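Chains, contacts and geometry: an overview
The chain contents come next:
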Amino acid sequence: MRRVVVTGVGLISPVGIGTDATWQALLQASNGIGPITLFDTTDFGCTIAGEVKNFDPLDYVDRKDVKKMGRFIFFAIAASDFATKLANLKVDPSFAERVGIYIGSGIGGFDVIEREHKNLLRGGPRRISPFFIPSSIVNLASGQVSIRIGAKGPNSATATACTTGAHAVGDSYKIIERGDADVMVCGGAEASITPLGIGGFASMRALSTRNHEPAKASRPWDKDRDGFVVGEGAGVLVLEELEFAVKRGAPILAEIVGYGMSADAYHITSPSEDGDGANRVMANAIRDAGITPDRIDYINAHGTSTPLGDRIETRAIRKTFGEHAAHVAISSTKSMTGHLLGGAGGLEAGIVVLSIVNQIAPPTANLTNPDPECDLDYIPLKARPMKIDYALSNSFGFGGTNGALVFKRFEA
C-alpha cells in the first residue's frame, strides 16, 4: 500500500492571510467575524460574516488576469501558493504528469454571477463579460492552479456543499494511494458573502443574527447559539506519495491514513436525530485508517453553531467512540473563522495537520454557557497543548453528504 503524506498547507481565512497567520490567530482565539463590508446589508436580517480582510488579488495574480477570475479562485490560488511554497514544490516537466490538482467549491463564483446578471439587466446580453463562465464555474479553481504551476496530472473539482474540501482531500489521497499520481494539490475555496449567498441562507433561518456582537455570534455547543456565520477563504494541502516526497527532500508534516464517506439519506438540509450519517462516516474513516476509535486524540468537528447540528454531532461522536467520547479532545475552529462552506473541509484539514505538527489543539471560542446536551470535552476558550498522534476532521453537507479524514503524526 502506498503511503501518503502531507508536505504543504496553505490557508486563507477570516483570521489571517497565510498559513502561519491563520494558525497563530487560532491559537490566540482571535475572531474573524464582523460587519459585512462587501455589500450593503441595509435590508438584511443578518449583517455579519467572516470576511478575509485586506486581501489584494494583485499580490497573487497579474493585473491582466484579475478580470478572468472570481473571488473564490483568487483564494484558491493564494492558498495553493502558500501550500506549494511550504512543500518546496516546483513542478518540473519530468514529473508534471504525476502532479494533480483537486480543489472544489460549494458554490463557486456567486459574486461573478450576480455582477453579470446585473450587467445583463442593465444593458442586455452584449454587456456580459466573455470571462463570465470561466471566472465563475467551480472547476476553474483547479484549472487556474494547474496552469499556474504546470501540473498535468489528474485535474478535478467537487461541489458537495460543506463537505467539498474534505471530499477533495480524501479523493486526492485515494488517487495517490492507488498510483494514479504522486502529488496532489487539493482542498476547497469559497467566496459566498454576497447578497444572494447571505440572503439565501438567511431565508432558511440558518444564520446567526447576533449582529450587535459579531465576534460572539459563532458559538458551537453553547446554549445561546442561534445559527452559523458564513465565512470565506480557502484551505489547500499538498499530498505526496511517501517515497516521492522523501526523494525530493520535502518537509513531511503528517500522514493521511483514513478517509470515510457516507450519506444521511434523510433530508435535504437536516441530519437525522440519531446522527446516523455522521456516526457512519467517522467509523468509515477510522476503519480505513486501520485503527480503533480510542486511538483518536483530537477531533476538529463540523461544529457549525446551529442548534440542531451541534447536538446531533455530539450524539454521533458518542455513538462512534463509546466510552472514549468522554476522553477525546474536540474543538470547532468555526467559532473563530465562521463556516467556509465548501472551503471548510480544506481549511480544517490544514488546521488538523498543524495541530499534529505543533502538538496543540486550537480552542472553541465563545463556549461560555455549555448546552447540557453537548457535554463532551470541547476545549473551551483556550488552546490546549497535548499529545496528538491521530486526529479526525469532520465535514457534513446539505443533501446529507458527509466526509471524514484521519491524519497521524508521521513516523518514518
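Residues numbered from 1 in each chain as written. Predicted model: local features only at pLDDT ≥ 70, side-chain atom pairs only at ≥ 80, totals over all residues. Heavy atoms only, no water.

A word on the overall build of the protein chain. A tally of helices and strands in the protein chain yields eleven helices and 15 strands. Relative to the compact-globule value of 22 Å for 412 residues, the protein chain shows a C-alpha radius of gyration of 20 Å, a close match. Based on the C-alpha atoms only, the size of the protein chain along its principal axes is roughly 65 × 55 × 40 Å. Taken across its 412 residues, the protein chain has 61% of its residues classed as buried. (Helix = DSSP H or I, 4+ residues; strand = E, 2+ residues; numbered from the N terminus. Rg over C-alpha atoms; globule rule 2.2 N^0.38 Å. Buried < 20%, exposed > 50% of the residue type's maximum accessible area, 1.4 Å probe, protein only.)

Taken as a whole, the largest pocket holds about 600 Å³ of empty space. Contributing to the lining of the largest pocket are 33 residues, with Thr269, Pro271, Thr306, Gly309 and Phe398 lying nearest its centre. Among the secondary structure elements, those contributing two or more residues to the lining of the largest pocket are helix H8 (276-289), helix H9 (307-321) and strand S14 (390-397). The element contributing the most residues to the lining of the largest pocket is H9, with six residues. Taken together, the residues of the lining of the largest pocket break down into twelve nonpolar, 16 polar and five charged. Reported here for the second largest pocket is a volume of approximately 260 Å³. Forming the walls of the second largest pocket are Leu38, Phe39, Arg71, Asp111, Glu114, Arg115, Lys118, Ala191, Ser192, Ile193, Thr194 and Pro195. By residue number, the principal contributor to the lining of the second largest pocket is helix H3 (residues 110-123), which donates four residues. Classifying every residue of the lining of the second largest pocket gives five nonpolar, two polar and five charged. (1 Å grid on protein atoms, 1.4 Å probe; cavity = no way out; pocket = protein on both sides within 12 Å on 5 of 7 lines; lining within 4 Å. Points joined across faces, edges and corners; volume = space filled by probe spheres on them. Nonpolar A, V, L, I, M, F, W, Y, C, P; charged D, E, K, R; others polar.)

So, about the pattern of salt bridges. The full count for this structure, using the stated rule, is 29 salt bridges. In this structure, Asp310 engages Arg225 in a salt bridge whose closest nitrogen and oxygen atoms are separated by 3.4 Å. One end of the pair, Asp310, is in helix H9; the other, Arg225, is in the loop between helix H6 (195-203) and strand S8 (233-241), and 85 residues separate them in sequence. One network of salt bridges, with partners in common, ties together Glu273, Arg311, Arg315 and Glu373. (Salt bridge = Lys/Arg side-chain N within 4 Å of Asp/Glu carboxyl O.)

Okay, the packing of H8 against H9 next. Look at H8 against H9: their axes get within 8 Å of each other, and the N-to-C directions meet at 40°. As the angle between them shows, H8 and H9 are arranged oblique. The handedness of the crossing between H8 and H9 is right-handed. Contacts from Ala278, Asn279, Met282, Ala283 and Ile286 in H8 reach Ala316, Ile317, Lys319, Thr320 and Phe321 in H9. Of the residues assigned to the contact of H8 with H9, the class counts are seven nonpolar, two polar and one charged. (Axes fitted to C-alpha atoms, helices over the stretch in contact; angles between N-to-C directions. Parallel < 35°, antiparallel > 145°, perpendicular 65-115°, else oblique. Left-handed = near helix turned anticlockwise from the far one by under 90°. Contact = heavy atoms within 4.5 Å.)

With that settled, the discussion passes to the pairing of strand S9 (residues 254-263). With eight of ten residues buried, S9 lies mostly within the body of the structure. Bridge analysis of strand S1 (residues 4-13) against S9 gives three bridges, and the strand direction is antiparallel. Its bridge partner being in S9, Val4 is matched across the sheet by Ile256. When S9 meets strand S15 (residues 401-408), the two strands line up antiparallel, connected through eight bridges. Its bridge partner being in S15, Ala263 is matched across the sheet by Thr401. (Pairing = 2+ DSSP bridges.)

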